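Fold and contact review
If you want the building blocks of each chain, they are given just below.
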Amino acid sequence: MSALTPRPEHKFSFGLWTVGHRGGDPFGAVTRSAQDPAEIVRRLGSIGAWGVSFHDDDLIPPEATSSERRAIVARFRKALDESGVVVSMATQNLFSHPAFKDGAFTSNDPEVRRYAIAKTMRAIDLGAEFGAPIHVFWGGREGVEAAAAKPPIEALARYREALDFLCGYVRDKGYGTRFALEPKPNEPRGDIFLPTIGHALAFIETLDTPEIVGVNPEVAHETMAGLSFHHGVAQAIDAGKLLHIDLNAQKIGRYDQDFRFGAEGIKDAFFLVQLLERSGYDGPRHFDARPYRVEDTSGIWDFATGCMRNYLALAEKARQFDADDGIAAALDEAGVNDLAKPTVGPYTAKLAKSLQERDFDPDALADRGYANDQLDQLVIELLLGVR
Ligand code: DIG
Ligand code: MN
Ligand code: MN
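Every value quoted in this text rests on a predicted model; they were computed, and no experiment measured them.

Distances from the manganese ion (ligand 3) to its protein donors, Glu 182 (OE), Glu 218 (OE), Asp 246 (OD) and Asp 288 (OD), fall at 2.0 to 2.1 Å. The sequence pattern describing where the donors of the manganese ion (ligand 3) fall on their chain is E-x35-E-x27-D-x41-D. A distance of 4.6 Å spans the gap from the manganese ion (ligand 3) to the manganese ion (ligand 2), which Glu 218 bridges by coordinating each metal. You can see Glu 218 sitting in the loop between strand E8 (213-215) and helix H8 (219-224) and its partner Asp 288 sitting in the loop between strand E10 (285-287) and helix H11 (299-323), a full 70 residues away along the chain.

Structural data, given as structure tokens:
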């Protein structure tokens, strides 16, 4: 079995809406037939995936009767049991129905806000029914185009009120579910609230129970904002708030492309995988991506396998990076090992006094080089497979 063969212990997971994406976009109709959720689960299990995730509406059509709901749940559970695939995350669709056109938790209409909370409680129940430990909140419609129509402080207050209420619901039901907020800067709204990992991390600290809330960063979304994705993920890890991650690929300056993981930005993807593997992150390696619109239903599985193979290939490169003596020497020359050492340690008046009395020579400090081109060239050669 090759190092690139996906296995359940790799914890790869896909949303039903990813491999089930029918290829429709704002400018064109669907290009693929609908996929049966139970069949998706079986197929994911057959290619070595560990988990599956869903929006409420992906699994249970909003118009389903309670008996239809029971039948769908039973069929889905049978497929999970037979394939060994687990439900790694659940979420809700608060962005497709026109009722949410002005937002869900932040709609100006309080009745829409109440409906959004009620719909989300049902989605949390559905996730809990399948043992999903994480519930994601992507506020795709929580934003605005006409600034005057959505005073931001009041909008954030309504967002906080909804999340605090839903945290109360999870506690009251004893589910143990944790929430992961998913930032995105724009699209479909002109500006979306909680646009980046940093905004989300700060907002979490204003909630009543921040301890059960973290983030679900997505590669494409931070890239759309022009930010370093792995730096944002590092800050989430540093804060103990990386509960989930949406892996895909994105060219900067484009709409949300949600390409196959590794399809773009291979160097950035390498540093992300290196960070995740080194950090001991033990959550799902979840793909929120979609096959190219030109793919037919067989191409869907090239897409899914490619996501996992690219992750495994980059994890292997990270192992080679750590074992490469030339890179180790270059890291030392760049001072990377010195960055890991404390600068002064905890404050004492004695230490402050001695620092102030030190006679630093900034010109001498400016003399040294940090050999970064040499180091980066070694990374490029590693990734190009010429080392
Ligand atoms: C889009 O990036 C969002 C929705 O697909 C979903 O709510 C969430 C799940 O990871 N990501
Ligand atoms: Mn996206
Ligand atoms: Mn996502």
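Glancing now at the environment of Ile 197. Inspection of the secondary structure puts Ile 197 in helix H7 (residues 197-204). In sequence terms Ile 197 and Pro 217 are 20 residues apart; their C-alpha atoms lie 6.5 Å from each other.

Right, let's talk about the pattern of salt bridges for a bit. As enumerated under the stated definition, the model contains 23 salt bridges in all. Measuring nitrogen to oxygen at the nearest pair gives 2.7 Å for the salt bridge that ties Glu 82 to Lys 78. Placement of both Glu 82 and Lys 78 in helix H4 (residues 66-83) is noted, with a separation of four residues, approximately one turn of the helix. Here Arg 158 and Glu 161 are joined by a salt bridge, their closest N and O atoms 2.7 Å apart. Pair noted here: Arg 158 and Glu 161 are both in helix H6 (residues 152-173), with a separation of three residues, about one helical turn. A single salt-bridge network, built from bridges that share partners, covers Glu 39, Arg 42, Lys 78 and Glu 82.

Reference values for coordination geometry: four tetrahedral donors around a metal ideally subtend 109.5 degrees, six octahedral donors ideally subtend 90 or 180 degrees. In the first shell of the manganese ion (ligand 2), the protein supplies Glu 218 (OE), His 221 (NE2), Asp 256 (OD), Asp 256 (OD) and Asp 258 (OD), at 2.0 to 2.7 Å from the metal. Taken in chain order, the donor set of the manganese ion (ligand 2) reads E-x2-H-x34-D-x1-D. In this structure Asp 256 comes out as buried when scored by relative accessible area, which is 6%.

Now for the nonpolar core. Phe 14, Phe 76 and Phe 261 are the most contacted members of the largest nonpolar core, which totals 91 residues. Here this core takes twelve residues from H11, the largest share from any one element. Counting contributing residues, this core receives three or more from each of domain 1 (8-317) and domain 2 (325-384). Other than its neighbours up to four places away in sequence, Phe 261 contacts Leu 247, Asn 248, Ala 249, Ala 269, Leu 272, Val 273, Phe 287, Gly 306, Cys 307, Asn 310, Tyr 311 and Leu 314. In this structure, Met 89, Val 136, Ala 180 and Leu 243 belong to the second largest nonpolar core, which totals six residues.

What follows deals with the site of ligand 1. Neighbouring ligand 1 are 13 residues, the closest being His 55, Glu 182, Glu 218, Asp 246 and Asp 288. Between ligand 1 and His 55 there is a distance of 3.0 Å, counted from an oxygen atom to a side-chain nitrogen or oxygen. Separating a nitrogen atom of ligand 1 from a side-chain N or O atom of Glu 182 is a distance of 2.7 Å. Listing elements by their share of the shell around ligand 1, those giving two or more residues are strand E3 (86-91) and strand E4 (134-138). The residue makeup of the shell around ligand 1, split by class, is four nonpolar, five polar and four charged.

This part covers the domain arrangement of the protein. By domain assignment, the protein separates into domain 1 (8-317) and domain 2 (325-384). For domain 1 and domain 2, the distance between their C-alpha centroids amounts to 38 Å. The interface is formed by five residues belonging to domain 1 together with five residues belonging to domain 2. Together, Lys 267, Phe 270 and Lys 317 form the three largest contributors to the area buried by domain 1 at its contact with domain 2, with a combined 81%. Put simply, domain 1 and domain 2 have one salt bridge between them. Residue Lys 267 pairs with Asp 376 through a salt bridge whose shortest N-O separation is 2.8 Å. Applying the counting rule to domain 1 against domain 2 returns two residue pairs in polar contact (both at pLDDT 80 or more). Breaking the side of domain 1 that touches domain 2 down by element, the ones donating at least two residues are helix H10 (266-279) and H11. Here the element with the most residues in the side of domain 1 that touches domain 2 is H10; it accounts for three residues. Of the residues assigned to the side of domain 1 that touches domain 2, the class counts are three nonpolar, no polar and two charged.

Hydrogen bonds along the backbone pair up the strands of a sheet, which may run parallel or antiparallel. Reading across from one edge, E8-E6-E4-E3-E2-E1-E10-E9 is the order of the eight strands in this open sheet, with parallel pairing throughout. The sheet is open, and its two edges are formed by E8 and strand E9 (246-247), each paired on a single side. Where strand E1 (residues 12-15) and E10 come together, three bridges link them in parallel fashion. By the bridge assignment, Phe 14 is partnered in E10 with Phe 287. Packing against the sheet, helix H5 (residues 110-129) makes contact with strand E2 (51-55), E3, E4 and strand E6 (178-182), and its axis sits at approximately 150° to E4.

Definitions and limits used
- Residues numbered from 1 in each chain as written.
- Chains lettered and ligands numbered in written order.
- Predicted model: local features only at pLDDT ≥ 70, side-chain atom pairs only at ≥ 80, totals over all residues.
- Heavy atoms only, no water.
- Donors = N, O, S within 2.8 Å, 3.2 Å for Na, K, Ca; no water.
- Helix = DSSP H or I, 4+ residues; strand = E, 2+ residues; numbered from the N terminus.
- Salt bridge = Lys/Arg side-chain N within 4 Å of Asp/Glu carboxyl O.
- Buried < 20%, exposed > 50% of the residue type's maximum accessible area, 1.4 Å probe, protein only.
- Core = buried A, V, L, I, M, F, W, Y, C linked by side-chain atoms within 4.5 Å.
- Domains from an automatic or database assignment.
- Contact = heavy atoms within 4.5 Å.
- Near = heavy atom within 4 Å.
- Polar contact = N/O pair within 3.5 Å; in protein donor to acceptor, adjacent residues only side chain to side chain.
- Nonpolar A, V, L, I, M, F, W, Y, C, P; charged D, E, K, R; others polar.
- Buried area = accessible area lost by both parts, 1.4 Å probe.
- Pairing = 2+ DSSP bridges.
- Axes fitted to C-alpha atoms, helices over the stretch in contact; angles between N-to-C directions.

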